[in-house]
Amino acid sequence: MTGIFKINNNEVFGSDGTFSGTIGSNATFPAGHVIQVKGNRSNYNWGAISNQNIHPWTWCSVTMTPKQSGSIFRVSGTVRCENTGNGTFGVGVGLRYTINGGSDQVVKEPALHEQYSTGSEDMYYIGFIDVLVHNDASMTDSTSPVTPTSGLINASTSDTIVWTPNMSFNNSNATTFMGNYVSDSNPFFNTECIVMEIAT
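Predicted, not measured: the structure shown is a model, and the values here were computed from it. (Residues numbered from 1 in each chain as written. Predicted model: local features only at pLDDT ≥ 70, side-chain atom pairs only at ≥ 80, totals over all residues. Heavy atoms only, no water.)

Enquirer: Account for unusual backbone geometry, with residues named and values stated.
Expert: Across the chain, the bulk of peptide bonds are trans and the bulk of non-glycine residues have phi less than zero. For N100, which is not glycine, the phi dihedral falls at a positive 55°. Relative to the assigned elements, N100 resides in the loop between strand 8 (90-99) and strand 9 (105-108). We classify N100 as partly exposed; its relative accessible area is 47%. (Helix = DSSP H or I, 4+ residues; strand = E, 2+ residues; numbered from the N terminus. Buried < 20%, exposed > 50% of the residue type's maximum accessible area, 1.4 Å probe, protein only.)

Following this line, the structure appears as C-alpha cells:
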C-alpha cells in the first residue's frame, strides 16, 4: 500500500512507511521499554575523605520526574579515587534516593572490600554500582536470606526523585583522582551517575 496517512492534516506515516510525529504525554509504553535516561558527571575535587563513614555524591546526583507510574529504575555510577595510605584499602559504592524532598531511602549500602598493598606505590581505584530499583519485594535471589524491605520504589508522574550514590572507604582515607593530562580536548570525569526509567 502506498500513499500518505494524515491526522488533522499532519503527516503521520509517509509513503516510505516511516513514522513522523510526537508521542503524547499520556502514552503508555510497553514493559521493558526505556522511557528516559538522565545523567550527571563531574570533576568536583572532593579532596581527602576519612574512612568508615558514608559520603554522598551530592555534586553528582540526578534529578528525575517519572514519565510513567510504577516504573523500574536502573541506576549506575562510578567514582575514581586514590588511597592516601600504603596498607590495606577498600572502596564501596551505595545508593540512596529521596522523593519530593523527603527522607533518604537506602537502596544499597556501600559494601566494603580490601585490596592489600605494600610499599609507597600510588594506588588508583574505581568504585562502581549498577542496580535495579523497583517495587517488587519478591524480585530477589532465591538462595539469599535477605528480602528487601526498604529502598523499594513506586513513584508516580507527579514525583521528583533525586538519586544520590554514596561511597565509603575501609582502613585508609581516600582522595580525589583527577586524572593526568586532563584538558578540554581530553576530558576526564571522576564521578558519573546514569539513571534509566524502564516501563513495567
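Enquirer: Tell me what's going on with the environment of S103, and back it up with residues and numbers.
Expert: Here S103 lies in the loop between strand 8 and strand 9. Filtering out sequence-adjacent residues up to four positions away, S103 remains in contact with Y97 and T98. (Contact = heavy atoms within 4.5 Å.)

Enquirer: Account for the pairing of strand 7 (residues 72-83), with residues named and values stated.
Expert: Working note: regular strand, side chains alternate between the two faces of the sheet. Buried residues dominate strand 7, accounting for 11 of its 12 residues. Two strands pair when backbone bridges link them, and strand 7 and strand 13 (residues 191-198) are joined in this way by 8 bridges, in the antiparallel orientation. Bridging from a neighbouring strand, G77 pairs with C193 of strand 13. Bridging between strand 7 and strand 10 (residues 124-133) involves 10 bridges; their strand directions are antiparallel. Along strand 10, the bridge assignment pairs T78 with F128. Where strand 7 and strand 12 (residues 174-176) come together, 3 bridges link them in antiparallel fashion. Directly across from E82, in strand 12, lies its bridge partner T175. (Pairing = 2+ DSSP bridges.)

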